[in-house]
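# Descriptive structure summary
One-letter residues, chain by chain:
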Amino acid sequence: MLTTVPVCAACASFLRKKFEEVMPLFLCGLIIFSYFCGLLGAISLLSGFLWIGCIFACAYLLFQGIRHGKEFTASIMTPGFFLFLLLTAAVWWMARGRLYNQWDEFSHWGRAVKNMFELDALYTIPESNDGFKDYPPALALLQYLFMKTVGQGFREDIAIFSLGFLTVGMLLYPVSRFSWKNWFWCGLYAGFMFILPASYLGDYYVNTMADGLLGTLFAFVLLAHFTSRASRYRSVVVSAGCMVLALVKTSGMGLAFLAALVVLLDQLICERGLLKQVGRKSVIAGALLTTLPLISVAVVKISWDVHLRAMGAVGHWAENTINLSVIAELFSGTAPQYRYDVLENFALYLLRARTEGGVVHYAPVMILGIGLLLHLWCRYLLPKEERKRADFACGAALACGFVYLFSLLATYLFVLNEQEAVGLASYARYWGTMSTALLLYFTGRLLLALAQKAKKGVQVVGVCVLVGTLLCLCDYRLWLNTLIFAPGNAAGTQLFRMASQATAQQVKKLNVKAPRLHLVTGDDKGKAELELEYELAPMMLPKQKTNVMTAQTEQGGTSYTPESWGQVLDANFDYVYLYEVESGFSEKFGKMFNEPQNIREGTMWRVIRNGGGSIRLDFLY
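Residues numbered from 1 in each chain as written. Predicted model: local features only at pLDDT ≥ 70, side-chain atom pairs only at ≥ 80, totals over all residues. Heavy atoms only, no water.

Moving on to the nonpolar core. If you look at the biggest cluster of nonpolar residues, it comprises 179 residues, and the most contacted ones within it are Phe-194, Leu-213, Phe-218, Tyr-412, Tyr-427 and Tyr-441. If sequence neighbours within four positions are ignored, Tyr-412 has contacts with Val-342, Phe-346, Glu-420, Ala-421, Leu-424, Ala-425, Ser-426, Tyr-427 and Tyr-430. Within the second largest apolar cluster, 17 residues are counted, among which are Val-576, Leu-578, Ile-599 and Trp-605. (Core = buried A, V, L, I, M, F, W, Y, C linked by side-chain atoms within 4.5 Å. Buried < 20%, exposed > 50% of the residue type's maximum accessible area, 1.4 Å probe, protein only. Contact = heavy atoms within 4.5 Å.)

If you want it as structure tokens, here you go:
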């Protein structure tokens, strides 16, 4: 943060705009520049570029401060600037000392940036052990840049902080319309925008999974477009937002396309100011600025696909099977039974009240209705000449919600495997993307309308209703716990990771670049193996069935006999690590170990081949 703030402030002074007005474009530009450096194999230069930029920015700010004192202070020392510092400090308070503790962080969101940090290259290269190489790298690039710039080694709390830092920088954009006279509304808007991302996803600020960030960026694009006057600068900001949205996650490309399409239709149907403003001078320039968001999304899509093909990186998910024949099967009643189970479970989850929430437990689909109600109130406050465009924006946002909902259903029906589909794997997180987007957009529009259009009495009622709505929607207990007890929660994540970190240290003691290690665990669905692969990244472990006792596990296969396990070890492994010793393990496999009395958790053994497929396990440490 200490390097990005001076550079952003210098850009704001140069462009003669407010700090909070420039910060979103600066962060998006930083990510986009890092992305193209990554494609060229030059991300190791990024931290140097940022430090050089910081030095020149400080010199420029000093010069401008001496030469244009009052004007300079007015553009930098704004309410948005101080709110940015305050909220990023709160994000650091929540993130400081935390370690990853979520499954998806070990499989990709944390592992991706760890591979990049160790290899100084995008995690798509063959040497990386990342589990989702087809996912775009926006968040990992920002995390990598911050960690390399700080120079304190790989720190997971900085990676977690990066997501919140990006969120705060993007969502304060509309605050640029307020002056110090409107300090109350500045603080109120910033407070709501800061809390709302965690209203559906309570751990938004304390992990690195990007589902909530997708919703935040989608809302940013809509707010930046519909709450700002038509200008070239706005077109660039919106286009940069669409580009970064497409770079966050594979599904982000679809959301970025929807956002860009909404912006294009609005300019063609409701708002022709930019076309008229630029069109007199150049029809080509007007057409370019109008379609720039769509062009930006297309550039990301094409460049990322080309890069994946060049790296030989394959998609993690199964190929989608959507075609006319499978759709006809679904409606004719001849599709596999699990797909009808998916439809039933999907509808029940969507319409049934969640166990989460604040004062009120609500059904996920209610988010669409709440958004509509907030719009109707906002519409009442707006002048008549602005209502038509506000109606279009509302209809477009809700239409995007329905499109996202049906695409999510199609994912479960035709892309995920049967077990994940029937269980609606990660449904709350995936729907949380659109819930976050709609809540942020409609609440932001209403707050701006209340601040600028309403009488004082209406403002008081409006604030009270919004606070009440927030208490109903927000899991305030989790939010307050995350904020108030941040140090204790961070200590809890450190305790959670002690076992995997100790195991990684034991493996590193072998001093072998790529040890052929067999990990012995309980029936933990592959959790221990996943965590160890993260700890050792970019080191790769051989594919294996870590549970040797249970007949059927999440990893498949059958239980081993001493003979069958010996054959597997003889053919594929040089070391065995006992992470978890289940009841009966010593009795069943004890004869394979040279020191059966040392069979316990946390021990390392070497595979000694006796010939003829016979092996012995010698105790190392």
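Alright, that's what it looks like, and here's the rest.
Burial along strand S1 (residues 517-520) is two-sided: Leu-517 and Leu-519 facing one way and His-518 and Val-520 facing the other are all buried. One ladder, built from 4 bridges, connects S1 with strand S2 (residues 575-578); its direction is parallel. Bridge pairing in S2 places His-518 opposite Val-576. (Helix = DSSP H or I, 4+ residues; strand = E, 2+ residues; numbered from the N terminus. Pairing = 2+ DSSP bridges.)

Moving on to the packing of aromatic side chains. The final tally for this structure, using the stated rule, is 34 aromatic pairs. Where Tyr-35 meets Phe-36, the ring centres are 5.1 Å apart and the plane angle is 65°; that geometry is what we call edge-to-face. Assessed through its relative accessible area of 1%, Tyr-35 is described here as buried. Ring geometry for Trp-109 versus Tyr-135: centroids 5.7 Å apart, planes at 45°, classification tilted. Of this pair, Trp-109 sits in helix H6 (residues 103-109) while Tyr-135 sits in the loop between helix H7 (111-119) and helix H8 (138-150), and the two are 26 residues apart along the sequence. Among the aromatic residues, those joined into a ring-pair cluster are Phe-19, Phe-81, Phe-82, Phe-84, Trp-92, Phe-146, Phe-161, Phe-165 and Trp-180. Stacked on the ring of Tyr-233, the Lys or Arg Lys-17 has its end atom at 4.5 Å from the ring centre. (Phe/Tyr/Trp six-rings, centres within 6.5 Å; stacked < 30°, edge-to-face > 60°. Lys NZ or Arg CZ within 6 Å of the ring centre and 35° of its normal.)

Turning to H8, a few remarks are in order. An ideal rise of 1.5 Å per residue puts 18 Å on 13 residues; H8 measures up with 19 Å between its terminal C-alpha atoms. Among the residues making up H8, those that are buried are Ala-138, Leu-139, Ala-140, Leu-141, Leu-142, Gln-143, Tyr-144, Leu-145, Phe-146, Met-147 and Thr-149. Phi turns positive one or two residues past the end of H8, at Gly-151, with a value near 75°. (Expected span 1.5 Å × (residues − 1).)

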